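What follows is each chain in one-letter form.
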Amino acid sequence: MNGIAGIYAETAPDLGLAQDMIRRLSHRGRARQEARTDGRVALAQAAGEEAGGIALPLCSVDGGLVLVADGALRGAAALRARLEALGHRHEGRSDWELLFSAYTEYGDELLRVVEGEFAFALYDRTTRRLLLARDRLGARPLFLARTAYGWAFASELKGLLPVLGAPAIDPRALAQYLQGRYGTGRHTLFAGTERLQPGELLVLDEHGDAERRRYWSLLDVRPERLRYEEAAARFDELAGGIVRDAGAGSGAGPGTLLLCGGAPSALLLAMLSGSEAAPIRTLTLAEARETGRDAAGDTHAARLSRHFGVPHETIGLAPVDLTMRLATAAWAMDELVADFGAPARLALAETLGLRDGPLISGAGAGEVFGGALRYHGRRIHRWLDRLLDPDTGGFRDHGEFRGQERALFGPALHRAAQDWRAPHIDAWQACPKGWSELQRMQHLDLVTLVPDRMLAGLDRTLMSHGADWRAPWLDHRMVEFALALPDKLKSPGRYGGFLHRRAQALLPDGLGRELPASPGRVPAIPLATWLSGETLDRYERVLSASAPLRAWLQPEAVGTLVEMKRQGRPVAGRLGILLLFALWHRIFVEGSGDRPGHCDPLDFLEQ
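Now for a look at the structure at hand. (Residues numbered from 1 in each chain as written. Predicted model: local features only at pLDDT ≥ 70, side-chain atom pairs only at ≥ 80, totals over all residues. Heavy atoms only, no water.)

Focus on helix 3 (residues 98-106)
Next, step 1: Where burial is concerned, most of helix 3 is hidden: 7 out of the 9 residues are buried.
Next, step 2: Within the span of helix 3, buried status applies to Leu98, Leu99, Phe100, Ser101, Ala102, Tyr103 and Tyr106.
Next, step 3: Residues of helix 3 that are buried sit in contact with strand 4 (58-59), strand 5 (65-74), helix 2 (76-85), strand 6 (115-124) and strand 7 (129-134).
Next, step 4: Backbone geometry just downstream of helix 3 places Gly107 in the positive-phi region, at approximately 65°. (Buried < 20%, exposed > 50% of the residue type's maximum accessible area, 1.4 Å probe, protein only. Helix = DSSP H or I, 4+ residues; strand = E, 2+ residues; numbered from the N terminus. Contact = heavy atoms within 4.5 Å.)

Dropping the structure here:
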């Protein structure tokens with residue numbers, strides 16, 4: 001079950017409206033979309049074939065509870081045994097029925113025992129209360145709006161369009177996107193909507209009151225003093241169960257592993273191999289070679305897969321394959337994220353079928369284990385950054401348009417941009433005093449960049465074609481373990497960081513020594529090359545006439561940036577950011593929110 005929507009109203013809600021909302025999310029669950037009203041709620045569910053023939057939304061045996069859910073539970077067998085030892089009985093229809101027993105046993109504290117990657121809405125018919133919850137790291141999305149119809153919620157912003165009408169733009173969220181390349185915190189680009197935060201429970205009662213509860217927080221992690229040998233033993237025990245659980249899927253069979261060339265995905269393959277959860281194949285995304293569209297060859301990923309006896313495939317993508325998917329990516333991403341690798345993930349999603357099970361990704365490993373190179377810059381640079389910007393220790397302090405705000409942003413956008421970093425500052429300053437600078441940087445990224453850029457991109461692009469996914473390194477137990485590790489185990493140094501060192505120990509000598517220091521990147525649109533010559537001239541003409549850019553930017557903003565590009569200045573990323581906003585606005589604000597086909601993005605804007 002992979003897409004949810006609904007309304008919590010003061011009077012009987014409109015079933016037709018809920019059906020319209022879930023139709024907007026049919027890509028998340030292609031097999032069927034069901035909706036029903038029950039008292040004050042209308043609940044809707046989009047489901048894939050793995051849901052079988054069970055009635056949706058799911059009801060408890062006594063009929064007192066109704067549920068819609070997205071994602072997958074973890075440790076369901078152990079939770080089932082725990083609840084049955086307490087006297088609860090289950091029909092075996094779905095792992096999700098465990099939520100009914102957990103709620104009956106623990107009430108609003110049920111999330112103390114429920115784990116996984118999920119977003120759900122649970123309605124109690126007796127008390128007429130609705131519980132909305134999101135998993136600890138924010139793997140699965142959930143958006144909310146207070147409207148004339150009551151509270152509305154959906155897995156994606158586009159699911160809220162039927163209750164929002166013509167959405168207005170929130171300037172704070174737009175400034176955050178332009179400066180930070182993605183939005184984070186509560187505010188979204190649709191004014192009056194918000195993200196339910198990771199690790200948060202929202203309870204709506206019959207009086208119209210809303211109570212928010214944080215049921216999990218990384219701030220509870222306490223640093224530990226561990227030697228490498230102790231950490232390695234604990235990691236191997238913890239990782240084995242997490243990885244195998246992720247590889248087993250959710251009734252869909254073993255998954256497909258995305259190999260990115262570094263230690264995180266190589267370790268996943270080593271740990272999955274030989275178990276019942278071994279992947280049916282591995283995939284790599286690569287730039288297509290000039291001599292042909294195949295980017296195959298005897299790569300490290302291919303040799304690694306061959307060693308473990310798993311079929312391997314390389315998907316070669318030429319620049320034109322990516323640019324022709326950019327408008328579709330703007331629709332799929334739902335929120336604005338300047339992710340020019342999203343078209344490549346769309347191409348990946350197009351190749352996945354139900355037989356492949358979930359896609360297993362090593363996403364987030366650099367942030368979880370503190371090995372990302374941005375955490376380990378030269379000390380003199382870090383000292384200067386801290387001096388100039390103590391609010392976040394000099395981390396995440398540079399806006400994309402830094403120094404050009406007054407010249408390029410219109411008055412309303414310029415005012416909104418003054419505090420675009422507020423969620424980053426809050427995340428940094430909330431850290432306990434005993435944490436190191438590295439742990440603070442990790443925490444900031446884990447509560448902003450990871451859920452709202454990395455996981456948002458993974459979820460939306462893959463689910464745009466109904467392809468389910470798992471990210472084992474972002475299991476909350478692994479995140480708690482890794483954040484607590486001493487800094488000396490995270491620094492790349494001579495060993496390349498903790499994960500790199502574990503991979504070298506667990507892989508065959510030859511394959512371990514060949515591991516690159518950092519994972520490869522998903523192929524992205526080569527903006528600097530594409531936006532040149534006649535294409536750049538056309539870009540200037542089309543974007544200068546764009547209604548949203550004229551509304552929010554200074555009149556000469558596009559021309560100024562284009563001229564800088566002609567002079568060889570590195571502003572291609574900024575031009576791409578503006579292009580994505582224009583595409584997103586055309587789809588969701590000027591248009592009806594329908595999925596565009598593959599097309600030239602400038603042609604799309606000229607239509």
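Picking up after the structure, the text goes on.
Things to note about the nonpolar core
A general trend in soluble globular proteins is that nonpolar side chains are found buried together.
Next, step 1: Within the largest apolar cluster, 153 residues are counted, with the highest numbers of intra-cluster contacts made by Phe235, Phe369, Trp473, Tyr539 and Leu543.
Next, step 2: Considering each element in turn, this core owes the most residues, 12 residues, to helix 26 (residues 572-590).
Next, step 3: Leaving out residues up to four positions away in the same chain, Phe235 has contacts with Gly240, Leu267, Met271, Phe369, Trp473, Met478, Phe481, Phe498, Leu499 and Arg502.
Next, step 4: One finds Leu58, Leu83, Leu110 and Phe120 within the second-largest nonpolar core, a separate group that totals 29 residues. (Core = buried A, V, L, I, M, F, W, Y, C linked by side-chain atoms within 4.5 Å.)

Description of helix 10 (residues 326-333)
Next, step 1: Taken across its 8 residues, helix 10 has 8 buried, putting it largely inside the fold.
Next, step 2: Of the positions making up helix 10, those classed as buried are Leu326, Ala327, Thr328, Ala329, Ala330, Trp331, Ala332 and Met333.
Next, step 3: Once helix 10 ends, the next one or two residues include Asp334, with phi positive near 70°.

Thoughts on the sheet that holds strand 1 (residues 3-8)
Next, step 1: Spatial ordering of the open sheet is given by 2-3-1-9-8-10, a layout of 6 strands whose pairing is antiparallel. The open sheet has two edge strands, strand 2 (32-38) and strand 10 (193-195), and neither has a second partner. Direction aside, the axes of adjacent strands within the sheet are offset by 15° on average.
Next, step 2: Relative to strand 9 (residues 150-154), strand 1 runs antiparallel, the two sharing 4 bridges. Residue Gly6 lies in a different strand from strand 9, and its bridge partner there is Phe153.
Next, step 3: Those strands touched by helix 1 (residues 15-23) are strand 1, strand 2, strand 3 (41-47) and strand 9, and its axis lies near 155° from that of strand 1. (Pairing = 2+ DSSP bridges. Axes fitted to C-alpha atoms, helices over the stretch in contact; angles between N-to-C directions.)

Looking at the environment of Ile315
Next, step 1: Its place among the elements puts Ile315 in strand 15 (residues 312-317).
Next, step 2: According to the relative accessible area criterion, Ile315 is buried, its value standing at 10%.

What to know about the sheet that holds strand 13 (residues 256-258)
Next, step 1: On the basis of which strands lie adjacent, the open sheet formed by 5 strands has the order 15-14-13-16-17 and parallel pairing. Two strands bound the open sheet, and with one partner strand each, they are strand 15 and strand 17 (469-470).
Next, step 2: Summarising the sheet, strand 14 (residues 281-287) and strand 15 pair through 6 bridges and their orientation is parallel. Bridged to Leu285 within strand 15 is Ile315.
Next, step 3: Sheet strands in contact with helix 11 (residues 342-351) are strand 13, strand 14, strand 15 and strand 16 (359-360), and its direction is about 145° off that of strand 14.

Overview of empty space enclosed by the protein
Next, step 1: Tallied over the entire structure, the rule returns 5 cavities of 30 Å³ or more.
Next, step 2: Considering only enclosed or pocket space, the largest cavity measures out at about 170 Å³ in volume.
Next, step 3: If you go around the largest cavity, you meet 17 residues; those closest to its centre are Gly116, Glu117, Leu474, Asp475 and His476.
Next, step 4: Listed by contribution, the elements that provide at least two residues to the lining of the largest cavity are strand 6, helix 6 (228-247) and helix 19 (476-483).
Next, step 5: The biggest single contributor to the lining of the largest cavity is strand 6, with 3 residues. (1 Å grid on protein atoms, 1.4 Å probe; cavity = no way out; pocket = protein on both sides within 12 Å on 5 of 7 lines; lining within 4 Å. Points joined across faces, edges and corners; volume = space filled by probe spheres on them.)

Notes on the pattern of salt bridges
Next, step 1: Applying the stated criterion across every chain, the model contains 50 salt bridges.
Next, step 2: When the shortest N-O distance is used, the salt bridge between Arg195 and Asp452 registers 3.9 Å. In this pair, Arg195 sits in strand 10 while Asp452 sits in helix 18 (residues 449-463), placing the two residues 257 residues apart along the sequence. The pair Arg195 / Asp452 is uniform in exposure class, with both members buried.
Next, step 3: The partner of Glu335 in a salt bridge is Arg460, with the nearest N and O atoms 2.9 Å apart. One end of the pair, Glu335, is in the loop between helix 10 and helix 11; the other, Arg460, is in helix 18, and 125 residues separate them in sequence. Considered together, Glu335 and Arg460 belong to a single accessibility category, that of buried residues. (Salt bridge = Lys/Arg side-chain N within 4 Å of Asp/Glu carboxyl O.)

A look at the pairing of strand 5
Next, step 1: Counting buried positions along strand 5 gives 10 out of 10 residues, so the element sits mostly inside the fold.
Next, step 2: Sheet topology note: the strand 4/strand 5 ladder contains 2 bridges and is antiparallel. Across the sheet, the residue bridging to Leu58 is Leu67, located in strand 5.
Next, step 3: Joining the antiparallel neighbours strand 4 and strand 5 is a turn of 5 residues, in which Gly63 adopts a positive phi near 80°.
Next, step 4: Sheet analysis places strand 5 next to strand 6, joined by 10 bridges and oriented antiparallel.

Description of the side chain of Arg40
Next, step 1: Within the fold, Arg40 resides in the loop between strand 2 and strand 3.
Next, step 2: Of the side chains with opposite charge, Glu206 lies nearest to the buried Arg40, which makes no salt bridge, at 4.8 Å.
Next, step 3: Within the structure, Arg40 has its side chain in polar contact with the backbone oxygen of Ala9 (distance 2.8 Å).
Next, step 4: Reaching out from Arg40, the side chain makes a polar contact with the backbone oxygen of Glu206 at a distance of 2.4 Å. (Lys, Arg positive; Asp, Glu negative; His and termini not counted. Polar contact = N/O pair within 3.5 Å; in protein donor to acceptor, adjacent residues only side chain to side chain.)

A short note on the environment of Ala139
Next, step 1: Examined against the element boundaries, Ala139 turns out to sit in the loop between strand 7 and strand 8 (143-147).
Next, step 2: With 320 residues separating them in the primary sequence, Ala139 and Asp459 have C-alpha atoms 7.5 Å apart.
Next, step 3: Beyond its immediate chain neighbours, meaning those up to four positions away, Ala139 contacts Glu117, Leu455, Asp459 and Trp469.

Considerations on unusual backbone geometry
Next, step 1: Cis geometry marks the peptide bond from Leu56 to Pro57, where omega comes out at -10°.
Next, step 2: Tracing the backbone through its elements, the reader meets Pro57 in the loop between strand 3 and strand 4.
Next, step 3: We note that Arg396 has phi near 55°; this positive angle belongs to a residue other than glycine.
Next, step 4: With respect to the element layout, Arg396 can be found in the loop between helix 13 (379-388) and helix 14 (405-408).
Next, step 5: A relative accessible area of 25% places Arg396 in the partly exposed class.

Here's the deal with a nonpolar patch on the surface
Next, step 1: A cluster of nonpolar side chains, Ile380, Trp383, Leu384, Leu387 and Leu388, forms an exposed patch at the surface whose accessible area comes to about 550 Å².
Next, step 2: Residue position: Trp383 is located in helix 13. (Patch = residues over 30% accessible without salt bridge, like charges linked within 9 Å, V, L, I, M, F, W, Y side chains within 5 Å. Areas by Shrake-Rupley, 256 points an atom, 1.4 Å probe, with all protein chains shown as cover.)

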